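Fold and contact review
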Amino acid sequence: MTDKQRAAKVLELLAERYPDLETHLMAESPWELLVATVLAAQCTDKRVNQVTPELFRRWPDPAALAQATIPELEEVIHSVGFYHSKAKHLIAAAQLVVKEFNGETPNTMKDLIKLPGVARKTANVVLWGGFGINEGLAVDTHVKRISGRLGLTKHTDPVDIEKDLVKLFPQSEWGKVNHRMVWFGRHVCDARKPLCDECEMAPFCPKVGVE
């Protein structure tokens, strides 16, 4: 089986397992998705979803958050990991959005990665989830682990992994692949104890790195 054939089978089986794309982070706009995704780094979606309702109530848009102080925001997001740096980045990002983008969340990779705290992974999540744009494929810990175990990439750097994956999956599916791999990583392909006996991909999975 070639990498391309394996990727096609992975795409088919992920769609069968997760026909409906569920939402991980609660967000009602591209800006809210950006904020939630920044907060979700090194933190669970559940915890982020407990924090964001109050955050968005107090600062509903970039213009409002741009006026917040770091201590004010830290008080709201203190239960989220690395809240000091996240508060600093989010306020700076809001200020830049107001200054350079007229208060509107940018919708290109080039502009999104200008924002403090926003790298390619976050930008890809916002582009697809907020605008329906597949400019790249977000590589988080789940996508990194699963694509490696399945032999779809030999790289460990997220940028290099993304380059491999976008060659294997149709562009129209990039956002869906990330979304479904996240759920698959949580439900089946666990970091420490993958459920290989219950996995529909076991017959063709090379199980790279799995003892």
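Residues numbered from 1 in each chain as written. Predicted model: local features only at pLDDT ≥ 70, side-chain atom pairs only at ≥ 80, totals over all residues. Heavy atoms only, no water.

**Digging into the overall build of the protein chain**
Helix and strand counts for the protein chain stand at eleven helices and zero strands. When the helices and strands of the protein chain are read in sequence order from the N terminus, they spell out α-α-α-α-α-α-α-α-α-α-α. A compact globule built from 211 residues would reach a C-alpha radius of gyration of about 17 Å, and the protein chain, at 18 Å, matches this within 12%. Along the three orthogonal principal directions, the C-alpha set of the protein chain runs to about 55 × 30 × 30 Å. Every one of the 211 residues in the protein chain was classed for burial, and the buried ones make up 46%. Taking all contacts inside the protein chain whose residues are at least 6 apart in sequence as the whole, residues at least 24 apart take part in 60%. Of the roughly 10900 Å² that the protein chain leaves accessible, carbon and sulfur atoms contribute 51%. (Helix = DSSP H or I, 4+ residues; strand = E, 2+ residues; numbered from the N terminus. Rg over C-alpha atoms; globule rule 2.2 N^0.38 Å. Buried < 20%, exposed > 50% of the residue type's maximum accessible area, 1.4 Å probe, protein only. Contact = heavy atoms within 4.5 Å. Areas by Shrake-Rupley, 256 points an atom, 1.4 Å probe, with all protein chains shown as cover.)

**A word on helix α1 (residues 3-17)**
Three or four residues apart is the spacing at which side chains of an α-helix point the same way, because the helix has 3.6 residues per turn. Here α1 spans 21 Å end to end across 15 residues, near enough to the 21 Å set by a 1.5 Å rise per residue. Listed as buried for α1 are Arg-6, Ala-7, Val-10, Leu-11, Leu-13 and Leu-14. Where α1 is buried, its residues touch α10 (158-168) and α11 (174-187). (Expected span 1.5 Å × (residues − 1).)

**Regarding α10**
Within α10 the residues assigned to the buried category are Ile-161, Glu-162, Asp-164, Leu-165 and Leu-168. Across the axial projection of α10, the buried residues extend over an arc of 165°, all falling on one side. On its buried face, α10 sits against α1, α8 (120-131) and α9 (141-149). (Arc of directions from axis to C-beta.)

**Describing the UniProt feature "binding site: [4Fe-4S] cluster" (unreviewed entry) in the protein chain**
Under the UniProt annotation, the feature "binding site: [4Fe-4S] cluster" (unreviewed entry) is placed at Cys-189, Cys-196, Cys-199 and Cys-205. A stretch of 17 residues holds the annotated residues, and the largest C-alpha distance among them is 11.4 Å, short enough that they meet in one place. By the secondary structure assignment, Cys-189 is in the segment after α11. For Cys-189, a relative accessible area of 10% corresponds to the buried category. (UniProt positions renumbered as here; feature names shortened; annotations may be inferred.)

**Points about the UniProt feature "domain: HhH-GPD" (unreviewed entry) in the protein chain**
With numbering matched to this structure, UniProt assigns "domain: HhH-GPD" (unreviewed entry) to residues 39-187. Taken end to end, residues 39-187 has its terminal C-alpha atoms 22 Å apart, with 65% of it in helix and 0% in strand.

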